[in-house]
Amino acid sequence: MDLSQSELAAMSNLARTTAGTFLHRLEAEGHVEIRYGQIGVLAPEALRARLVASG
């Protein structure tokens, strides 16, 4: 998706550094790929299950 870390942070009401930390964790787990100005969702079902489980 064409969405920067800063845009995601603003939409989530988080600091950009907090959003970046979370995104890097998701990237390490293989759920997303971070590119310049984009966040690629690699495993949508696994990501959805992780988000549902967390709250």
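Values in this document were obtained by computation on a predicted structure and should not be read as measured data. (Residues numbered from 1 in each chain as written. Predicted model: local features only at pLDDT ≥ 70, side-chain atom pairs only at ≥ 80, totals over all residues. Heavy atoms only, no water.)

## A closer look at the nonpolar core
Line of reasoning, step 1. One finds L3, L23, L26, V32, I39 and L47 forming the largest nonpolar core, which totals six residues.
Line of reasoning, step 2. Leave out the neighbours within four places in its chain, and V32 touches L23, L26, E27, I39, G40, V41, L42 and L47. (Core = buried A, V, L, I, M, F, W, Y, C linked by side-chain atoms within 4.5 Å. Buried < 20%, exposed > 50% of the residue type's maximum accessible area, 1.4 Å probe, protein only. Contact = heavy atoms within 4.5 Å.)

## Some thoughts on the pairing of strand β2 (residues 38-41)
Line of reasoning, step 1. Here strand β1 (residues 32-35) runs beside β2; their pairing, made up of four bridges, is antiparallel. Bridge pairing in β2 links R35 to Q38.
Line of reasoning, step 2. Hairpin connection from β1 to β2: two residues lie between these consecutive antiparallel strands, with G37 at a positive phi of about 70 degrees. (Pairing = 2+ DSSP bridges. Helix = DSSP H or I, 4+ residues; strand = E, 2+ residues; numbered from the N terminus.)

## Structural notes on the side chain of Q5
Line of reasoning, step 1. Considering the arrangement of structural elements, one finds Q5 in helix α1 (residues 5-12).
Line of reasoning, step 2. Judged by its relative accessible area of 16%, Q5 is buried.
Line of reasoning, step 3. Sequence-distant contacts of Q5, that is, excluding residues within four places in its chain, are made with R16, A19, G20, L23, H24 and I34.

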